[in-house]
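Structural features, examined
Now for the letters of each chain:
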Amino acid sequence: MEAMVSTVRGWVENPVKFARSHGVSVSPLADGSVAENQTHVLIVEGFLLYNYKPLIEFFNECYYVTIPYEECKRRRSTRTYTVPDPPGLFDGHVWPMYLKHRSEMETNCRALHYLDGMKSKDELYNEVYENIQNTLLNSL
């Protein structure tokens, strides 16, 4: 997690330099130059990101996919793991830990957007994309 914080900090300090140093091409302006003051968006995705306070300070928006207990249990039961879940793991550990970490996240994040995990991936993508566009337009 410390390495992730360091990486995100490097990007925040200079997104263009960071991108170039990591072999990512930066879209040029119409005249072929690259403006250092362009708007840059970094999407950080991962499990339990909102429970690590040193990382949260970098986030302008936080998105969290929610799903009802029954659907979560059903989906997990359809997964195939190398080592199968022992009986009672979901109710005895997985769901209680989900509730614990969600509670911590709700305390830690200031700009939390809940996404309905029952929607399609396309619907979720469109919702987040629209929110990011609106946020950028309102910040001009």
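Look up a bit, the structure's there.
These notes cover the structure that comes with them. (Residues numbered from 1 in each chain as written. Predicted model: local features only at pLDDT ≥ 70, side-chain atom pairs only at ≥ 80, totals over all residues. Heavy atoms only, no water.)

A closer look at the overall build of the chain
If you tally the helices and strands in the chain, you get six helices and two strands. Helices (α) and strands (β) of the chain occur, in sequence order from the N terminus, as α-α-α-β-α-α-β-α. A compact globule built from 140 residues would reach a C-alpha radius of gyration of about 14 Å, whereas the chain, at 19 Å, exceeds it by more than 25%. The principal-axis extents of the C-alpha atoms in the chain amount to approximately 60 × 30 × 30 Å. Among the 140 residues that make up the chain, the fraction classed as buried is 24%. By sequence separation, contacts in the chain at least 24 residues apart represent 61% of the contacts at least 6 residues apart. Working note: accessible area of the chain is about 10,200 Å², and carbon and sulfur atoms make up 55% of it. (Helix = DSSP H or I, 4+ residues; strand = E, 2+ residues; numbered from the N terminus. Rg over C-alpha atoms; globule rule 2.2 N^0.38 Å. Buried < 20%, exposed > 50% of the residue type's maximum accessible area, 1.4 Å probe, protein only. Contact = heavy atoms within 4.5 Å. Areas by Shrake-Rupley, 256 points an atom, 1.4 Å probe, with all protein chains shown as cover.)

Quick word on the pattern of salt bridges
In this structure the tally under the stated criterion is seven salt bridges. A salt bridge links aspartate 91 to lysine 73, with the nearest nitrogen and oxygen atoms 2.8 Å apart. A residue pair is termed long-range when its members are at least 10 positions apart, and aspartate 91 in helix H5 (residues 89-108) and lysine 73 in helix H4 (residues 69-78) qualify at 18 residues. Look at lysine 73 and you get partly exposed, because its relative accessible area is 31%. A salt bridge links glutamate 106 to arginine 102; the nearest nitrogen and oxygen atoms lie 3.1 Å apart. Residue glutamate 106 and its partner arginine 102 are both found in helix H5; the two are separated by four residues, about one turn of the helix. Shared partners join several salt bridges into a network, and the residues in it are Glu71, Arg74 and Arg75. (Salt bridge = Lys/Arg side-chain N within 4 Å of Asp/Glu carboxyl O.)

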